[in-house]
Amino acid sequence: MLRGGQFGAAPALLGLLLAISVATVPAFRTLTNATTVLAQASLGMLIAVGASYVLVAGHIDLSVGSVVALASVAFGVTIQAGLHPAFAVIAALLIASVIGSLSGLLAIGLRVPAFVATLATMGIARGVALLLSGGRSIPIGPHIPISSAWVGDDSIPLAIFVAIGIAFAADFVLMRTRVGVHIRATGSSRQSAARNGIAVSSLSVISFVIGAIFSACTGLFITLRLLSAQPIYGAMYELEAITAAVIGGVSLTGGRGRPIGAAAGALSVAIVRNVLTLLNIEYQIQLIAIGFLLIVGHLFIQRQSEAL
Amino acid sequence: MKYHNIPFCWAIMAGALWLGACQRESAPPAPTPTPKPQREVAFVLKTINNPFFVEMRAGALAEASRHPDIKLSIHATATESAVVEQVQLVESLLGKPVAAVCLTPNDSTVAVGLVAKANAQRIPVVIVDTRLNAQEVARQGAKPATFIGSDNVTGGEMAAKLLAQAIKQRGEVALLEGVAGQETAISRRDGFLRGIRKFPDIKVVAQQPANWERDQAYNVMRAILTAHPRLLGAFASNDEMAIGAARAAADMKRDIEIVGFDYTPDGAAAIQTGDLTGSIAQDPKSMGALAVKSAVAAINGQSLPPEQPVAVVAHSSTN
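The model shown is predicted, which means the values in this text are computed figures rather than measured ones. (Residues numbered from 1 in each chain as written. Chains lettered and ligands numbered in written order. Predicted model: local features only at pLDDT ≥ 70, side-chain atom pairs only at ≥ 80, totals over all residues. Heavy atoms only, no water.)

J.: Hey, could you run me through the overall build of chain A in this one?
T.: When its secondary structure is counted, chain A shows 13 helices and two strands. For 308 residues, the compact-globule estimate of 2.2 N^0.38 gives 19 Å, and chain A sits close to it at 19 Å. Here the C-alpha coordinates of chain A stretch approximately 55 × 50 × 35 Å along the principal axes. With 308 residues in all, chain A has 56% of them scored as buried. Taking contacts inside chain A between residues at least 6 apart in sequence as the whole, the part at least 24 apart equals 78%. Counting only carbon and sulfur atoms, one obtains 71% of the accessible surface of chain A, whose full area is about 12,300 Å². Of the charged side chains in chain A, 15 are positive and 8 negative, and the gap between their average positions amounts to 14 Å. (Helix = DSSP H or I, 4+ residues; strand = E, 2+ residues; numbered from the N terminus. Rg over C-alpha atoms; globule rule 2.2 N^0.38 Å. Buried < 20%, exposed > 50% of the residue type's maximum accessible area, 1.4 Å probe, protein only. Contact = heavy atoms within 4.5 Å. Areas by Shrake-Rupley, 256 points an atom, 1.4 Å probe, with all protein chains shown as cover. Lys, Arg positive; Asp, Glu negative; His and termini not counted. Charge placed at Lys NZ, Arg CZ, Asp CG, Glu CD.)

Here it is in structure tokens:
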């Protein structure tokens, strides 16, 4: 059963935002705009869903944006070397898994706080991305035929359905499968989870790897969409991911929240950005608005926790 | 119904409303009867934390106030490297749709896709400051309304004149270039070489790239100064490199005249202290104004030249 309360501020916020926007911003009501918003939100959804795994497991991942860039560059370099795109996708996912494992092993094996461990991998991943690419963008257009599904504007980008599908699948895994239940238990209380025979260490590492793979998927989405692999992609995405997750009811203290909530949070942020742009609100104000949104999101979770 | 279900239902209802509204809009094929009093020109700046773009914004707003039928909106991203964010921003504007876009591309390749997309919607795009990647433009068949950028060739020539006057029109000089192959680097270099040819007693004895960077220019200039003990002056293709070169000269106790480009705050300060001889300034205010003017012309169906260079200004300790 879907209960509104599991998704933090996202449902109320989404409802309010949509109602106000539909009623007062004519440009918002067009099919083109709906497509634009959803396509933009699909990127945010993927990273937020990835972040929700790490957060629910009771950790934090600051390397999100760097892994986006690294996966993009790994994809670009492999394609440029003349290999089949399938290999390029594998290379991107593989290198992201390596970074995710490294974060996990540092945080769990060496007991470096996740904040510090992923601050380190954030630097490492960005550095490797810059190194591999020589600091330049890699055009992949000549290697992949332009697909209107990704860049065109008449059709509805495939990315939307892929992202929504992935969000639901990720939600199912976390809420319904054994691995998911164990990850949540680990995040709720490491000690009691361990006492009950749950492999808390491996599950924590796995959550970092899952998070990194989601970041890699985001990097691939961006790269295919813009037909350019760049080491500068993903700046500040870690904050974006955490913002979306918190708005969507994912608690920073672990154990609470759902990937679908995080995805809804990402959609909220995308709608706010879009509406403010349509209303010609300058960038400075947009930043302030998102800041307030985060506070509202957090207060929502806090109030619900106290009510329990 | 539990309390928790209420917001969730809200969301679903509002979502349905959104989609319902969308369908209504898309059902009749396009003829919008409501006449639009003002047409919107959207100006997308790279950032708003760089004085260069703050000036450009001011120029654009000033020009827009002279066109009562035009509404100018200003947009920006957090940093000059926010490539994805800029794409999303422009897509939102195209979906609105605005009547025209002035765009300072954060990435000269990726922006080509945006121009192509705008072309399909018949929305003119004026490219400002950063030239689009020509290869990609040809590949995608994109057609920007016009390009507005600094006249770097003339700027290079002015730098040559400034330097020649400072060294009394004779002697050996060096040239520090930007990133090899980059359009701006090539234009400034070619302009300088053309300008310096007018002074037959001046000889360019060294010519090397230092990639726009202060520390690289320092190292390159040290090597050049060692190799050419009679060097009198140098042109560095931006102020960062000029300052690096000036440091190298100071560390090696050599007194040479150095002219930079961009007239950045650091560059202006270095001219004040005498570390630099002069610098060539771009004119972002005029670029912003010309961009809006061109956008208005494009909306009215006037054809524009493919490139509109904006004049640059020489600054030195004497003026």
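Moving on from the coordinates now.
J.: For this particular structure, what's the right way to read the packing of helix H10 (residues 200-226) of chain A against helix H3 (residues 83-95) of chain B?
T.: Packed helix pairs are characterised by how far apart their axes lie and by the angle those axes make with each other. Where H10(A) contacts H3(B), the axes come no closer than 11 Å and their chain directions differ by 60 degrees. Relative to H3(B), H10(A) is oriented oblique. Crossing hand, H10(A) versus H3(B): left-handed. Within the contact between the two elements, H10(A) uses Ile222(A), Arg225(A) and Leu226(A) and H3(B) uses Val83(B), Val84(B), Val87(B) and Glu91(B). (Axes fitted to C-alpha atoms, helices over the stretch in contact; angles between N-to-C directions. Parallel < 35°, antiparallel > 145°, perpendicular 65-115°, else oblique. Left-handed = near helix turned anticlockwise from the far one by under 90°.)

J.: Mind showing me how you'd approach a nonpolar patch on the surface here?
T.: The grouping of Ile285(A), Leu287(A), Ile288(A), Phe292(A), Ile295(A) and Leu299(A) at the surface amounts to a nonpolar patch, some 590 Å² of accessible area in total. Relative to the helices and strands, Ile295(A) resides in helix H13 (residues 283-307). (Patch = residues over 30% accessible without salt bridge, like charges linked within 9 Å, V, L, I, M, F, W, Y side chains within 5 Å. Salt bridge = Lys/Arg side-chain N within 4 Å of Asp/Glu carboxyl O.)

J.: Before we go on, may I ask you to explain the packing of aromatic side chains in this structure?
T.: To describe a pair of aromatic rings, you give the distance between the ring centres and the angle between the ring planes. Enumeration over the complete set of coordinates arrives at three aromatic pairs over all chains. Pairing Phe192(B) with Phe235(B) gives two aromatic rings, centres 4.8 Å apart and planes at 20 degrees, and the pair type is stacked. One end of the pair, Phe192(B), is in helix H7 (residues 183-196); the other, Phe235(B), is in strand E8 (residues 231-236), and 43 residues separate them in sequence. Here Phe192(B) and Phe235(B) have matching classes, each one buried. Seen from the ring of Phe300(A), Arg303(A) lies directly overhead, with NZ or CZ sitting 5.9 Å from the centre. The ring of Phe261(B) carries the charged tip of Arg188(B) above its face, separated from the ring centre by 3.7 Å. (Phe/Tyr/Trp six-rings, centres within 6.5 Å; stacked < 30°, edge-to-face > 60°. Lys NZ or Arg CZ within 6 Å of the ring centre and 35° of its normal.)

J.: Looking at this model, I keep getting lost on the sheet that holds strand E2 (residues 70-76) of chain B. Mind explaining?
T.: Strands belonging to one sheet form pairs held by backbone hydrogen bonds; the direction of such a pair is parallel or antiparallel. Residues and elements named next belong to chain B. With parallel pairing, six strands are arranged side by side in an open sheet as E2-E1-E3-E4-E5-E11. Whereas interior strands pair on both sides, the edge strands pair on one side only; in this sheet they are E2 and strand E11 (307-310). Put simply, the sheet's adjacent strands are angled 20 degrees from each other on average, direction ignored. Sheet topology places strand E1 (residues 39-45) next to strand E3 (residues 100-103); four bridges connect them, and they run parallel. Its bridge partner being in E3, phenylalanine 43 is matched across the sheet by cysteine 102. Here helix H2 (residues 51-64) sits on the sheet in contact with E1, E2 and strand E4 (125-128), set at roughly 170 degrees to E2. (Pairing = 2+ DSSP bridges.)

J.: Teacher, can you tell me more about the confidence of the model for chain B here?
T.: Parts of the prediction with low pLDDT should not have their coordinates interpreted in detail. With 87% of its residues at a pLDDT of at least 70, chain B reaches an overall mean of 88. Interface confidence for the predicted complex, expressed as ipTM, amounts to 0.78; the pTM equals 0.76. (pLDDT = per-residue confidence, 0-100.)

J.: What is the right way to look at the side chain of Thr223(A) in this model?
T.: All names here are of chain A. Of note, threonine 223 is situated in helix H10. Looking at threonine 223, the relative accessible area reads 0%, which means it is buried. Excluding its chain neighbours within four sequence positions, the residues that come into contact with threonine 223 are Ser72, Phe75, Ile140, Ser228, Ala229 and Tyr233.

J.: Where do I start with the pattern of salt bridges in this structure?
T.: Two side chains of opposite charge can pair, provided their charged atoms sit close to one another. Under the definition given, this model contains 21 salt bridges over all chains. Among the salt bridges present, the one from Lys198(B) reaches Glu157(B), with a minimum N-O distance of 3.2 Å. In this pair, Lys198(B) is assigned in the loop between H7 and strand E7 (202-209) and Glu157(B) in helix H6 (residues 152-166), connecting sequence segments 41 residues apart. Using a relative accessible area of 18% as the deciding quantity, one classes Glu157(B) as buried. Because the salt bridges share partners, they merge into one network encompassing Arg225(A), Glu91(B) and Lys117(B).

J.: Can you walk me through the sheet that holds strand E6 (residues 171-177) of chain B in this structure?
T.: Residue and element names in this part refer to chain B. Read from one edge of the open sheet, six strands run E7-E6-E8-E9-E10-E12, paired in mixed fashion. The sheet is open, and its two borders are formed by E7 and strand E12 (313-316), each paired with just one other strand. The mean inter-strand angle of the sheet, taken between neighbouring strand axes irrespective of direction, is 20 degrees. Across four bridges, strand E9 (residues 257-262) lies against strand E10 (residues 278-281) in parallel orientation. Following the sheet pairing, glycine 260 is matched in E10 by serine 279. Contacting E6, E7, E8 and E9, H7 crosses the sheet at an angle of about 170 degrees to E7.

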